[in-house]
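Here's the letter readout for the chains.
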Amino acid sequence: METVAHLMEKQRADQREGEQRAHENAHERWEEQRECPQCGLLCQLPPRYPGLVADCPRCGEVLWRMRKARRSFPLSCALGALLFYLFALVAPFLEIHAYGRFSVARLSTGPAQFLAEGFGLAGALVFAVTLVAPAAKLGLLVITLGGLRILPPNLLRALFRTYLALAPWAMIDVYLLGFLVAYTKLTAYAVVHLDTALYALIGCMLTMAAADGSVDIEQIWRTLATRAAVAKPAGHVSLLSCHGCGYLNPVHDEPGQHTAHDPHCQRCSAPVHARKPDSISRSWAFLLAAMALYIPANIYPFMVLTSLAHSNSYTIFGGIIELAQSGLWPLALLVFFASFTIPLMKIVLLGYMLITAQMKSKSLLRFRSHAYRFIDFIGRWSMIDVFMVSILIALMRFGQFASVHAAIGAVCFGGVVVMTIFAVQAFDPRLMWDAERPFYE
Ligand SMILES: [Zn+2]
Ligand SMILES: [Zn+2]
């Protein structure tokens, strides 16, 4: 009898061990799984292999771009970009001579001039996206990469999350295109000299792009997570994907286990939700605000040019026609696309996505996913015209001979761009795919 009891005991121990192992394996699989942020499909991440791009098999969204460069490469690029930026901050980037007078523009001149002309909101917007956001983004990246083994992971996680959120708002590249348009307009009225800060700004743009393009985001999150205690799931759990870092968090399903607060991501400490909270209504609110501003932005002039007692007001469309009439077709097309097509396309496409998501339509899901990624990527390029005005009002200050003043259209147009970016960010594209495979089954 003793042997039978012994065998039964051994069997129970084996069973417990098996359950334990299955539990641990399940945990390991969770660690390597991602919910596609575009379509909500659960995907298994492959082991890291430098150069490999892991994408979603259903919608093609990139889940993990495994970078070849070591961590020191983006760090040195970001440091270089920060130095270029500091130089561009203090040095002048453009000088013009006209009517026996002389005018110099620095990065900060445009926002200051907006403010002086009573358009503080537009000034604050230009100031935020050309001065604050790039500096903050680069600084955060340098601290995160440089302090990875030194600083407390809690701090680094918050810094890296902010870096990722700020990334689309650092608009040095768009600013340079706005500069190109302003430059061609200025040459018609004055002798223009490009100054050192312009080259520094180009250097800043290139090194910043190199830094962004070589940071392995998932790998950094993993480095930050290994130093933190990740709680193992126990009991009945469901998986919630983190909007900040993509980690799948096991969250207790039992009613008794729910806390009053939103659960937080175990890897980056951001609040986690099944879907972005109030996504549809927030997105509609921003979209309606953008639509309301789109009309005055196109009807009212966005700048007034006074030249030798002649006063000309330019609407967005008028500016495009003027560029075309001066024979600058490539620039006319660029501005037409950036200022007219993109905002309209964003409003129409996002409206279509919101309506189809609310109707739980299953049609054209792949197309809608691609369209969402496209408008998300392209939105910031609409700022070209606002930057062009900020450069022109900073430089063309020759009294009655020639001067440019901002007008209300520029403020409305800046509002359209910001509202559409917010609307796209508020929308959760997984809601479209939920029609196909409901999340709450
Ligand atoms: Zn997907
Ligand atoms: Zn997270």
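As shown above, the structure is provided for reference.
These notes cover the structure that comes with them. Keep in mind it's a predicted model, so treat the numbers as computed, not measured. (Residues numbered from 1 in each chain as written. Chains lettered and ligands numbered in written order. Predicted model: local features only at pLDDT ≥ 70, side-chain atom pairs only at ≥ 80, totals over all residues. Heavy atoms only, no water.)

**Points about the coordination of the zinc ion (ligand 2)**
Convention followed: Each metal site lists N, O and S donors within 2.8 Å (3.2 Å for Na, K and Ca). With water left out of the atoms, a site can look as if it is missing ligands. A site with four donors is called tetrahedral when every donor-metal-donor angle falls between 85 and 135 degrees; four donors are called square planar, and six octahedral, when opposite donors sit more than 155 degrees apart and all other angles fall between 65 and 115; any other arrangement is irregular.
Surrounding the zinc ion (ligand 2) are the protein donor atoms Cys 242 (SG), Cys 245 (SG), Cys 265 (SG) and Cys 268 (SG), at 2.2 to 2.3 Å. Viewed at the metal, the four donor atoms of the zinc ion (ligand 2) are separated by angles of 101 to 116°, and the geometry they form is tetrahedral.

**Details of the coordination of the zinc ion (ligand 1)**
Six octahedral donors around a metal ideally subtend angles of 90 or 180 degrees, whereas four tetrahedral donors ideally subtend 109.5 degrees. As a reminder of what qualifies: Put simply, DSSP marks the helices as runs of H or I at least four residues long and the strands as runs of E at least two long, and each gets a number from the N terminus on. Here's how the labels work: a residue is buried when its accessible area is under 20% of the maximum for its type, exposed when over 50%, partly exposed in between, all with a 1.4 Å probe on protein chains only.
On the protein side, the zinc ion (ligand 1) has Cys 36 (SG), Cys 39 (SG), Cys 56 (SG) and Cys 59 (SG) as donor atoms, found 2.2 to 2.3 Å from it. Of note, the zinc ion (ligand 1) draws all its donor residues from one chain, in the sequence arrangement C-x2-C-x16-C-x2-C. Taken together, the positions of Cys 39 in the loop between strand E1 (33-35) and strand E2 (42-44) and Cys 59 in the loop between strand E3 (53-55) and strand E4 (62-65) put the pair 20 residues apart, joining distant regions of the chain. Taken as a pair, Cys 39 and Cys 59 share a single burial class, namely buried.

**What about the nonpolar core?**
Threshold: By nonpolar core is meant a set of buried Ala, Val, Leu, Ile, Met, Phe, Trp, Tyr and Cys residues that side-chain atoms within 4.5 Å join together. Every residue pair with non-hydrogen atoms within 4.5 Å of one another is taken to be in contact.
Counting 128 residues, the largest nonpolar core has Phe 93, Leu 94, Leu 350, Met 353, Met 383 and Phe 427 as its most contacted members. Take this core: its biggest share by element is eleven residues, from helix H4 (residues 120-146). Leave out the neighbours within four places in its chain, and Met 383 touches Leu 125, Val 129, Met 171, Val 174 and Val 417.

**What to know about the pairing of strand E11 (residues 310-314)**
Threshold: The criterion for strand pairing is that DSSP finds at least two bridges linking the strands in question.
By the bridge criterion, five bridges tie strand E10 (residues 303-307) to E11 in an arrangement that is antiparallel. Looking across to E11, one finds that Thr 306 is bridged to Ser 311. The turn joining E10 and E11, which pair antiparallel and follow one another in sequence, is formed by two residues; a positive phi near 45° is taken by Leu 308.

**Let's talk about the sheet that holds strand E6 (residues 101-105)**
For clarity, the cut-off: Angles shown run from 0 to 180 degrees and are taken between the N-to-C directions of axes, each axis being a line fitted to C-alpha atoms and, for helices, limited to the stretch in contact.
The three strands are arranged E6-E5-E7 in an open sheet whose pairing can be described as antiparallel. Of all strands in the sheet, those bounded by a partner on one side alone are E6 and strand E7 (191-194). Ignoring strand direction, the axes of neighbouring strands in this sheet form an average angle of 15°. Two elements, strand E5 (residues 94-98) and E6, share five bridges in a ladder whose sense is antiparallel. Bridge pairing in E6 links His 97 to Phe 102.

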